[in-house]
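Examination of the molecular architecture
Each chain, letter by letter, is given below.
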Amino acid sequence: MPPSLYTQQSKNVWRTWLLMSIFFVIVIALGWIFAYTYDDVSILYIAVFIALVMNIFSYWYSDKIALKTSGAKQITKEQYPDYWNAIENLCITAGLPMPRLYVIQDPAPNAFATGRNKEHAAIAATSGLLAMMNKSELEGVLAHELSHIGNRDILLSTIVVVLVGFIALLANFFIRLRLFGGGGRRNDGGLGIIFLIVGIVFAILSPIAATLIQLAISRKREYLADASGALLTRYPEGLASALEKIGNYNQPMIHPNNATAHLFISNPFGPHKDKMSGLSRLFMTHPPIQDRINALLGTKA
């Protein structure tokens with residue numbers, strides 16, 4: 001793989017462990033605050049158990065969840081020979097094992113990579129992408145996805161699907177518990193009220209913070225994979241042309257999903273969703289396509 005990938009691999013592994021640790025701390029913090037508020041230590045025990053189970057579950061099964069959620073179906077070489085051969089040739093060049101290949105029946109051109117490591121990786125492409133791209137453009141997109149595998153950021157981005165969604169679900173549960181389950185049983189006067197307020201605020205802000213982390217990770221990894229993919233093919237114009245076609249399509253996928261949106265090479269809700277500026281850019285799942293094209297071609301906006 002290109003040298004730049006090696007400098008990023010250890011960082012992405014470290015970020016994966018950091019994200020899982022942050023998730024663990026957030027869930028336990030939520031559990032502790034509400035255990036204190038309700039004077040029930042079992043809530044804390046449940047939170048610790050849930051955090052451990054979800055970390056383990058997300059490591060082993062997050063890729064399967066992402067593929068299932070996207071409606072991806074595994075394919076054979078006989079079904080899609082051009083797709084298969086392109087990946088096979090790129091894997092030889094990159095020194096990577098052959099990933100499992102999937103197709104999503106959708107006219108919108110898009111693709112994503114997932115898995116916990118390079119030995120257990122998968123790439124899914126839409127039928128629209130395979131039909132729309134010429135050979136160099138398809139190789140550019142697939143090299144981009146293989147770069148996610150080579151950069152070891154597929155585990156990080158896939159785990160986010162499970163952990164961010166679960167933090168939002170858990171926070172919502174605690175808020176509903178407070179609103180519909182009555183007041184807390186601990187009566188510590190002002191201190192009890194402070195902990196209750198902190199708990200509610202923390203429950204509201206936790207999923208927002210987790211989502212911002214998710215989106216920031218997605219934007220950075222797309223730039224890196226663009227550059228790494230271009231180095232792999234030695235032809236950045238191929239990926240740039242593919243991104244231009246993807247941007248010009250400008251229609252959402254049939255069944256886009258917020259949980260997996262950051263995995264795709266382009267926003268599944270339509271590239272126009274990422275044409276924002278200012279503070280709103282914090283909530284973008286992807287960098288603007290034109291910015292990515294300019295970076296690949298070395299041109300200015």
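So, here is what we can say about the structure in this document. (Residues numbered from 1 in each chain as written. Predicted model: local features only at pLDDT ≥ 70, side-chain atom pairs only at ≥ 80, totals over all residues. Heavy atoms only, no water.)

In terms of regular secondary structure, the protein is built from nine helices and four strands. Counting from the amino terminus, the protein carries its helices and strands in the arrangement α-α-β-α-β-β-β-α-α-α-α-α-α. Here the protein holds 301 residues, and 50% of them are scored as buried. For the protein, the proportion of contacts with a sequence separation of at least 24, taken over those separated by at least 6, is 71%. When the accessible surface of the protein is split by element, carbon and sulfur atoms take 65% of a total near 14100 Å². (Helix = DSSP H or I, 4+ residues; strand = E, 2+ residues; numbered from the N terminus. Buried < 20%, exposed > 50% of the residue type's maximum accessible area, 1.4 Å probe, protein only. Contact = heavy atoms within 4.5 Å. Areas by Shrake-Rupley, 256 points an atom, 1.4 Å probe, with all protein chains shown as cover.)

Taken as a whole and judged by the stated rule, the model has seven salt bridges. Between arginine 292 and glutamate 222 there is a salt bridge; the shortest N-O distance is 3.2 Å. Of this pair, arginine 292 sits in helix 9 (residues 289-297) while glutamate 222 sits in helix 7 (residues 190-233); the two residues are 70 residues apart in sequence, bridging distant segments of the chain. According to the relative accessible area criterion, arginine 292 is buried, its value standing at 1%. Between aspartate 226 and arginine 292 there is a salt bridge whose closest N-O contact spans 2.8 Å. (Salt bridge = Lys/Arg side-chain N within 4 Å of Asp/Glu carboxyl O.)

This brings us to the nonpolar core. Buried together is how nonpolar side chains tend to be arranged in soluble globular proteins. Counting residues in hydrophobic clusters, the biggest one holds 36 residues, and the most contacted among them are Tyr83, Ile87, Ile123, Leu129, Leu142, Leu146 and Ile149. Of all hydrophobic cores here, the second largest spans 19 residues; its members include Val27, Leu44, Ala47 and Ile167. (Core = buried A, V, L, I, M, F, W, Y, C linked by side-chain atoms within 4.5 Å.)

Moving on, we come to the packing of aromatic side chains. Evaluated as defined, the whole model comprises two aromatic pairs. With a centroid separation of 5.2 Å and an interplanar angle of 35 degrees, the aromatic rings of phenylalanine 57 and tyrosine 61 are classed as tilted. One end of the pair is phenylalanine 57 and the other is tyrosine 61, both in helix 2 (residues 42-69) and four residues apart, which spans about a single turn. Centre to centre, the rings of phenylalanine 112 and phenylalanine 264 are 4.8 Å apart; their planes meet at 65 degrees, and the pair counts as edge-to-face. With a gap of 152 residues between them, phenylalanine 112 in strand 3 (residues 111-117) and phenylalanine 264 in the loop between helix 8 (236-249) and helix 9 connect regions that are remote in the sequence. (Phe/Tyr/Trp six-rings, centres within 6.5 Å; stacked < 30°, edge-to-face > 60°.)

Turning to the environment of glutamine 105, a few remarks are in order. Relative to the helices and strands, glutamine 105 resides in the loop between strand 2 (100-104) and strand 3. For the pair glutamine 105 and serine 127, spaced 22 residues apart in sequence, the C-alpha separation works out to 5.2 Å. Contacts of glutamine 105, omitting those with residues within four sequence positions, involve Tyr80, Ser127 and Ile254. A distance of 3.3 Å separates polar atoms of two side chains, one belonging to glutamine 105 and the other to tyrosine 80. (Polar contact = N/O pair within 3.5 Å; in protein donor to acceptor, adjacent residues only side chain to side chain.)

On to a nonpolar patch on the surface. On the surface, a cluster of nonpolar side chains totalling about 610 Å² of accessible area is made up of Phe49, Val53, Ile56, Phe57, Trp60 and Tyr61. Checked against the element boundaries, valine 53 lands in helix 2. (Patch = residues over 30% accessible without salt bridge, like charges linked within 9 Å, V, L, I, M, F, W, Y side chains within 5 Å.)

Now for unusual backbone geometry. Here the phi dihedral of arginine 234 falls at roughly 60 degrees; this positive angle occurs in a residue that is not glycine. A residue is classified by how much of its surface remains accessible, and arginine 234, at 65% relative accessible area, is exposed. In this model, asparagine 250 sits at a positive phi of 55 degrees, which is unusual for a non-glycine residue. Among the structural elements, asparagine 250 can be located in the loop between helix 8 and helix 9. You can call asparagine 250 partly exposed: its relative accessible area is 27%.

The pairing of strands in a sheet comes from backbone hydrogen bonds and takes either a parallel or an antiparallel form. Strand order in the open sheet formed by four strands is 1-2-4-3, with mixed pairing between adjacent strands. The open sheet terminates on both sides in strands that have one partner only, identified here as strand 1 (73-74) and strand 3. Where strand 3 and strand 4 (residues 120-126) come together, six bridges link them in antiparallel fashion. Paired with glycine 115 across the strands is alanine 121, a residue of strand 4. Of the strands in this sheet, strand 2 and strand 4 are in contact with helix 3 (residues 81-94), which crosses strand 2 at around 140 degrees. (Pairing = 2+ DSSP bridges. Axes fitted to C-alpha atoms, helices over the stretch in contact; angles between N-to-C directions.)

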